[in-house]
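Chain residues, written in single-letter form:
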Amino acid sequence: MTLLDGKSLSAEIENSLAKDISTLSHNGITPGLAVILVGNNPASCAYVQMKAKACKRVGIYSLTHEMPSTITEEELLSVIRNLNDNPNIDGILVQLPLPPHIQTAKVLECIDPKKDVDGFHPFNLGRLVANVETFAPATPLGVMRLLSHYEINPSGKDVVMVGMSNIVGKPLSALMLNAGASVSCCHILTRDVGAYTRGADIVCVGVGKPGLIKADMIKTGAVVVDIGINRLESGGIVGDVDFEPVAKKASFITPVPGGVGPMTIAALLQNTCKAALYRLEKKEAR
């Protein structure tokens, strides 16, 4: 069994990005990322801080807009429109979830697709499904780059995606299809998840339920990608996979933490750098 070490790979990606960003800076472009945080959800606050630290490590200008949970939808949309018009901001990220009185879909659609480094705008999701160059959501993109680094090619493989969120499950399924995999999708209404996972070459899971995937649900030699992250009452952090028993059967498996999480942030940084390159191309075309 080999651990899919996202922590070390993300460090390599950051080192490479730092060089690319230095080159951009010599051409008068400093990549800029604006993060919008509504409310004080502890997990969201922690994620935003991690992203800000990662930006600083590679040389990305990072700006965080912290707003009260009582902000109106129109006020939030106004902030996004201003960022859309800001020439120094290449990427805009709205930290989810948003308060219930705000329509998440409306907020995400307000972001300029060219600055949608989270890849959640319908325009970019549509291009993803069509297998056209676009911004892919950071977590699915991080998963695919992690697999590629370990020379795990989904082409011709049977892949099962457990969890069908718009953030992870659906876009990751599309990326797997684009890579040539045969994909089965399981969700909360799936009657027997194990009936799908037991024959899969690659099992990806991201639902937020500790220990959901047991050893008897995967075949020997399967690749297991655990995208879940759950904090136990003891304070420990685990994924959605019953790690120790499953690891004994898997050929490759992601640890939690240290697997997909660091790759998500690395992919976000890459998307921001990509957006900055678009700005440079536009500048040089003038």
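Sequence positions are assigned chain by chain, starting from 1 and proceeding in written order. In keeping with the model being predicted, local features are shown solely for residues with a pLDDT of at least 70 and side-chain atom pairs are shown and tallied solely at 80 or more, while totals for entire chains, interfaces and linings include all residues. Excluding hydrogens and water, the side-chain values take into account all heavy atoms of the structure.

Student: Explain a nonpolar patch on the surface here, please?
Tutor: What goes into a patch is any residue over 30% in relative accessible area without a salt bridge, connected to like charges within 9 Å or, for nonpolar side chains (Val, Leu, Ile, Met, Phe, Trp, Tyr), within 5 Å. Surface accessibility in these figures is a Shrake-Rupley result with a 1.4 Å probe; residues are shielded only by whichever protein chains are displayed. Here, a salt bridge means any side-chain nitrogen of Lys or Arg that lies within 4 Å of a carboxyl oxygen of Asp or Glu. There is a patch of nonpolar side chains on the surface, built from Tyr47, Met50, Ile229 and Ile237 and spanning about 340 Å² of accessible area. Strands are runs of DSSP state E lasting at least 2 residues, helices are runs of H or I lasting at least 4, and numbering of each runs from the N terminus. For Ile229, the position within the fold is in the loop between strand 8 (223–226) and strand 9 (230–231).

Student: Just to check I follow, could you spell out the layout of surface pockets for this structure?
Tutor: To locate leftover empty space, one rolls a probe as large as a water molecule over the atoms. In this structure, the largest pocket spans a volume of roughly 1,400 Å³. Tyr47, Thr139, Ile229, Gly261 and Thr264 are the residues nearest the centre of the largest pocket, which is lined by 49 residues in total. Elements that contribute at least two residues to the lining of the largest pocket include exactly helix 1 (6–26), helix 2 (42–58), strand 4 (91–94), helix 6 (138–149), strand 9 and helix 10 (260–285). With nine residues, the top contributor of residues to the lining of the largest pocket is helix 2. Considering only residue class, the lining of the largest pocket consists of 27 nonpolar, 14 polar and eight charged. Start and end positions for the domains come from either an automated domain assignment or a database one. Two domains each provide a minimum of three residues to the lining of the largest pocket, namely domain 1 (30–123) and domain 2 (138–260). In this analysis the probe radius is 1.4 Å and the grid spacing 1 Å, with only protein atoms considered; a cavity is a set of points the probe fits into but cannot get out of, a pocket is an open set with protein on both sides within 12 Å along at least five of seven lines, and lining residues have an atom within 4 Å of a point. Grid points are joined across faces, edges and corners, and a volume is the space filled by probe spheres set on the points. Of the pockets and cavities examined, the second largest pocket occupies roughly 550 Å³. Looking at the second largest pocket, it is lined by 23 residues, and the ones nearest its centre are Lys114, Lys115, Tyr278, Arg279 and Lys282. At the level of elements, helix 5 (122–129) and helix 10 are the ones that each hand at least two residues to the lining of the second largest pocket. Under the grouping applied here, Gly and all other residues not named as nonpolar or charged are polar, the nonpolar ones being Ala, Val, Leu, Ile, Met, Phe, Trp, Tyr, Cys and Pro and the charged ones Asp, Glu, Lys and Arg.

Student: Explain the pattern of salt bridges to me, please; I cannot follow it from the model alone.
Tutor: Pairing of side chains with opposite charge becomes possible as their charged atoms draw close. Scanning the model with the defined rule gives seven salt bridges in all. With its nearest N and O atoms 3.3 Å apart, the salt bridge here joins Glu73 to Lys106. On the criterion of sequence distance, the pair formed by Glu73 in helix 3 (residues 73–84) and Lys106 in helix 4 (residues 104–110) is long-range, its members being 33 residues apart. Relative accessibility thresholds used throughout: buried, under 20% of the residue-type maximum; exposed, over 50%; partly exposed, between the two (1.4 Å probe, protein chains only). When its relative accessible area of 14% is taken as the criterion, Glu73 is described as buried. Measuring nitrogen to oxygen at the nearest pair gives 2.7 Å for the salt bridge that ties Lys219 to Asp201. Within this pair, whereas Lys219 is found in the loop between strand 7 (202–205) and strand 8, its partner Asp201 is found in the loop between helix 8 (193–197) and strand 7, the two being separated by 18 residues in sequence. Residue classification places Lys219 among the partly exposed positions, given a relative accessible area of 30%.

Student: Sorry if this is basic, but what is going on with the UniProt feature "domain: Tetrahydrofolate dehydrogenase/cyclohydrolase catalytic" (unreviewed entry) in the chain here?
Tutor: UniProt positions are given in the numbering used here, feature names are shortened, and annotations may be inferred rather than shown by experiment. Annotation from UniProt places "domain: Tetrahydrofolate dehydrogenase/cyclohydrolase catalytic" (unreviewed entry) at residues 4–118. The distance from the first to the last C-alpha atom of residues 4–118 is 23 Å, and the span holds 50% helix and 16% strand.

Student: Can you walk me through helix 6 in this structure?
Tutor: For the α-helix, the turn length of 3.6 residues means that residues three or four positions removed from each other point alike. Given the number of residues in a helix, its expected span is that number minus one, multiplied by 1.5 Å. For helix 6, which comprises 12 residues, the first-to-last C-alpha distance of 16 Å matches the rise-based estimate of 16 Å (1.5 Å per residue) to within 8%. Taken across its 12 residues, helix 6 has nine buried, putting it largely inside the fold. Those residues of helix 6 that sit buried are Ala138, Thr139, Pro140, Leu141, Gly142, Val143, Met144, Leu146 and Leu147. Residue Glu151 follows helix 6 closely and has a positive phi angle near 55°.

Student: Help me understand the domain arrangement of the chain, please; the structure alone is not making it clear to me.
Tutor: The domain architecture assigned to the chain consists of domain 1 (30–123) and domain 2 (138–260). The distance between the C-alpha centroids of domain 1 and domain 2 comes to 27 Å.

Student: I would appreciate a short explanation of the packing of aromatic side chains in the present structure.
Tutor: Each aromatic ring pair is described using two quantities: the centre-to-centre distance and the angle formed by the ring planes. Ring pairs shown here join Phe, Tyr and Trp side chains whose ring centres sit within 6.5 Å, with only the six-membered ring taken for Trp; geometry is labelled stacked below 30 degrees between planes, edge-to-face above 60, and tilted in between. If you walk through the whole model with that rule in mind, you get two aromatic pairs. Where Phe135 meets Tyr278, the ring centres are 5.9 Å apart and the plane angle is 65°; that geometry is what we call edge-to-face. Placement of the pair is Phe135 in the loop between helix 5 and helix 6 and Tyr278 in helix 10, with a sequence separation of 143 residues. For the ring pair Tyr150 and Phe252, a centre distance of 6.3 Å and an interplane angle of 65° mean the geometry is edge-to-face. One end of the pair, Tyr150, is in the loop between helix 6 and strand 5 (158–162); the other, Phe252, is in strand 11 (residues 252–253), and 102 residues separate them in sequence.

Student: It is not clear to me how the state of the cysteines should be interpreted in this structure. Could you clarify?
Tutor: Counting rule for disulfides: a pair of cysteine sulfur atoms within 2.5 Å. Evaluated as defined, the whole model comprises zero disulfides. As a non-bridged cysteine, Cys55 has Cys273 as the owner of its nearest cysteine sulfur, 11 Å distant. Taking the relative accessible area as the measure of exposure, Cys55 reaches 1% and is therefore buried. Given the relative accessible area of 4%, Cys273 is considered buried.

Student: What's the story with the nonpolar core in this structure? I'm lost.
Tutor: Generally speaking, nonpolar side chains in soluble globular proteins are found buried as a group. Residues enter a nonpolar core if they are buried and are Ala, Val, Leu, Ile, Met, Phe, Trp, Tyr or Cys, with the set joined through side-chain atoms within 4.5 Å. Met176, Val225 and Ile227 are the most contacted members of the largest nonpolar core, which has 51 residues in total. At 11 residues, the largest contribution of residues to this core is made by helix 10. Both of domain 1 (30–123) and domain 2 (138–260) provide at least three residues apiece to this core. Once residues within four sequence positions are removed from consideration, Val225 is found in contact with Leu4, Val143, Leu147, Val203, Cys204, Val205, Thr254 and Val260. Counting residues in each nonpolar core, the second largest holds 21 residues, with Ile36, Val79, Ile102 and Leu108 among its members. Whether two residues are in contact is decided by their heavy atoms, any of which lying within 4.5 Å being enough.

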